[in-house]
Structures are given as C-alpha cells and as structure tokens.
Amino acid sequence: MDKSGYGNNGGFIGGATSSAKTAGKLGQGIRFTDPSHQVRIPDDADISPTTAGTVSAWVKDRITRTGGWQVFVSKYDCLTDRDGYALVKQPDNTFQFYLGGAAGADAAATTISYTDLGWHHVVGTWNATSRDIYLDGVYAGTDNVDLQPVTYDGLDLTIGSCDSGYEYDGTVDDVRVYNRDLSAAEVAQLYKSGTSDLNASVTKLQNGSSLATGLVGHWTFDNLDVTTRITDRSGNGNHGGYI
C-alpha cells in the first residue's frame, strides 16, 4: 500500500505474499528470494518525475553475493532505451542511481561497498544540475553528465528487479518516490527515522516534518498494507492487484 496519498498501489508477482512478508526496517518488509518475485506498480505520471525527484528504499541482503547487478527499485528500461530511474547494487557491491533521458543514461555511484547482511538506506535525488546518491543518510556520490529531463517508456515501477531481470536477493522496506529532490538534511532525517524508532508508524515519523511534501509514491509493506494488493497511500488511486 502506497501511503503517500496518491494511490499508486502495486501487486506482488511470482509468489504468495504470505511467504514474502518478513520483518522490515520500519515494521514489515517484503522478502525477495526467487528470480520471478517482484512488486509491480502500474505506470503513472505521478511516479514519473521529469525535472527533479527522489527515490529511496531500505534494503537488506539475504546472502553475500558476488557478480551480477541487483535492482532495488526501478522505473527504467534496462535493455534498450534506458529511460527512467533505478537504484542498483553493482557486482562490486557499490551502489548506483541511474537516470535516463533523451540524451542517454548515466549514474551517480558510491565508492563505498557493503557485503554485510544488515540494513542500508539508499537514496537517489536529481534536479537540473546534478544527480546524487546517499547511503545511510550520508552523501556518497554525484554525476552531472547528460543531465536533461528524465523520460519514460511507459514501463511499470518494479521493486525487487528491473523490467527485464537483475533480481534482488534480499528484503526491501519503505520505498518512496518524490517529485522533488530532497535536501541532504532531509535525506539524513529520513535515514534517522528508520534508526531511531524501529516500529513507529509512518504518520508518526512524518508528523511535523517536510518529508510528506512532494511524496507521490510510498509503499510501506506493513501488515495492513499487504493484503490482496500492496496499496499506495499517496492518494492518486492507481490500485494494483496480485498477478
């Protein structure tokens, strides 16, 4: 269930949701252990920001894996036009934030790598002058090559893989999409919300802060939000079902 208020709700593909539910960073998360498993959010303009945006997720590897890309969150054509955005773990266990538009695709990358099996918070932001990546609340890399409005090929947003593979083997929690670039202070605040109050409600965490502003997609994976669908709380009414 997307709690941002825009209603970009998704469905779980490839397995029963009861087996995918697991302890998350903030309440409950979704576990991906099979190449056919993914959460799919139907394509919508609200979750397709062009000139500025933010994508974030809490992720926790199931095993230490070497080789192969793993995609946490993607609204990105991985094989052909490479339009859209994606948060990715590289074969060397560093992290990248891809953006694609009319002039091509490029990525902000970290030099930090993790092989532990703990929780990490990955955030990508962009605006007219840069694309940035943050890891565990700290700025970790930037890129200003081929900056242009992001374009999209009408692909769905997927969690746990790209549209054509690169599956993640681990648990994902609290996925967010904003139609603005969060500041470094806001990214740090978002990270702290996942470390200071493990089981707090999303409403409590956002109350009195700017983290609800510009939030166009929010999937908490908490128990009440994962039933016959994974509901978007953002308010746009793009409800999805299990396929």
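Quick notes on the rules
- Residues numbered from 1 in each chain as written.
- Predicted model: local features only at pLDDT ≥ 70, side-chain atom pairs only at ≥ 80, totals over all residues.
- Heavy atoms only, no water.
- 1 Å grid on protein atoms, 1.4 Å probe; cavity = no way out; pocket = protein on both sides within 12 Å on 5 of 7 lines; lining within 4 Å.
- Points joined across faces, edges and corners; volume = space filled by probe spheres on them.
- Helix = DSSP H or I, 4+ residues; strand = E, 2+ residues; numbered from the N terminus.
- Nonpolar A, V, L, I, M, F, W, Y, C, P; charged D, E, K, R; others polar.
- Phe/Tyr/Trp six-rings, centres within 6.5 Å; stacked < 30°, edge-to-face > 60°.
- Buried < 20%, exposed > 50% of the residue type's maximum accessible area, 1.4 Å probe, protein only.
- Contact = heavy atoms within 4.5 Å.
- Disulfide = S-S within 2.5 Å.
- Salt bridge = Lys/Arg side-chain N within 4 Å of Asp/Glu carboxyl O.
- Core = buried A, V, L, I, M, F, W, Y, C linked by side-chain atoms within 4.5 Å.
- Pairing = 2+ DSSP bridges.
- Patch = residues over 30% accessible without salt bridge, like charges linked within 9 Å, V, L, I, M, F, W, Y side chains within 5 Å.
- Areas by Shrake-Rupley, 256 points an atom, 1.4 Å probe, with all protein chains shown as cover.

Draft legend 1. Structural view of the layout of surface pockets. Computed from the structure, the largest pocket encloses a volume of approximately 210 Å³. Lining the largest pocket are W69, V71, Y76, C78, L79, R82, A86, V88, Y98 and Y166. Listing elements by their share of the lining of the largest pocket, those giving two or more residues are β6 (70-76) and β7 (84-89). A class-by-class count of the residues in the lining of the largest pocket yields 9 nonpolar, no polar and 1 charged.

Draft legend 2. Structural view of the packing of aromatic side chains. Under the counting rule described, the total for this entry stands at 9 aromatic pairs. With centroids separated by 6.0 Å and ring planes inclined at 85°, the aromatic side chains of Y85 and Y152 adopt a geometry described as edge-to-face. Here the residue Y85 occupies a position in strand β7, and Y152 occupies one in the loop between β12 (138-143) and β13 (157-159), the gap between them amounting to 67 residues. A residue is classified by how much of its surface remains accessible, and Y85, at 0% relative accessible area, is buried.

Draft legend 3. Here's a closer look at the environment of N223. With respect to the element layout, N223 can be found in the segment after β15 (215-219). Taking the C-alpha atoms as reference points, N223 and G27, separated by 196 residues in sequence, lie 8.0 Å from one another. If we skip the residues at most four places from it in the chain, N223 touches K21 and Q28.

Draft legend 4. Structural view of the state of the cysteines. Under the definition given, this model contains 1 disulfide. Each sulfur of the disulfide joining C78 and C162 lies 1.5 Å from the other. Linking C78 and C162, the disulfide has an S-S dihedral of approximately 95° and is accordingly described as right-handed. Here the residue C78 occupies a position in the loop between β6 and β7, and C162 occupies one in the loop between β13 and β14 (170-178), the gap between them amounting to 84 residues. Assessed through its relative accessible area of 1%, C162 is described here as buried.

Draft legend 5. The arrangement of the pattern of salt bridges in detail. Taken as a whole and judged by the stated rule, the model has 7 salt bridges. With a shortest N-O distance of 2.7 Å, D169 and R62 are connected by a salt bridge. Placement of the pair is D169 in the loop between β13 and β14 and R62 in the loop between β5 (53-61) and β6, with a sequence separation of 107 residues. Of the charged contacts in the structure, one is a salt bridge between R176 and D174, with a shortest N-O distance of 3.0 Å.

Draft legend 6. Region of the structure containing the environment of I30. Checked against the element boundaries, I30 lands in strand β3 (residues 28-32). For the pair I30 and G170, spaced 140 residues apart in sequence, the C-alpha separation works out to 8.4 Å.

Draft legend 7. Structural context of empty space enclosed by the protein. The full count for this structure, using the stated rule, is 1 cavity of 30 Å³ or more. Size it by volume and the largest cavity reaches roughly 50 Å³. Along the walls of the largest cavity sit V59, K60, D61, K89, F95, Y114, D116, G118, H120 and Y168, which together make up its complete lining. Ranked by the residues each element gives to the lining of the largest cavity, the list is headed by β5, at 3 residues. For the lining of the largest cavity, the class distribution of residues is 4 nonpolar, 2 polar and 4 charged.

Draft legend 8. Structural view of unusual backbone geometry. A positive phi angle, close to 70°, is found at N93, a residue other than glycine. When you line up the elements, N93 lands in the loop between β7 and β8 (95-101). Phi angles above zero are rare outside glycine, and F221 is one such case at about 65°. As for its position among the elements, F221 is in the segment after β15.

Draft legend 9. Highlighting the nonpolar core. One finds Y85, L157, V172, W219 and F221 to be the most contacted residues of the largest nonpolar core, which totals 35 residues. Those residues within four positions of V172 in sequence are excluded, and the remaining contacts are G29, I30, F32, A57, W58, V59, I159 and F221.

Draft legend 10. Examining the pairing of β12 more closely. Judged from the 5 bridges that link them, strand β11 (residues 131-135) and β12 form a sheet pairing that is antiparallel. Counterpart to D132 in the pairing with β12 is T142. What sits between the antiparallel neighbours β11 and β12 is a turn of 2 residues, in which D136 has the positive phi angle 55°.

Draft legend 11. Broad picture of a nonpolar patch on the surface. Where nonpolar side chains cluster on the molecular surface, the patch consists of W69, L79 and Y166 and spans about 310 Å² of accessible area. You can see L79 is positioned in the loop between β6 and β7. According to the relative accessible area criterion, L79 is exposed, its value standing at 54%.

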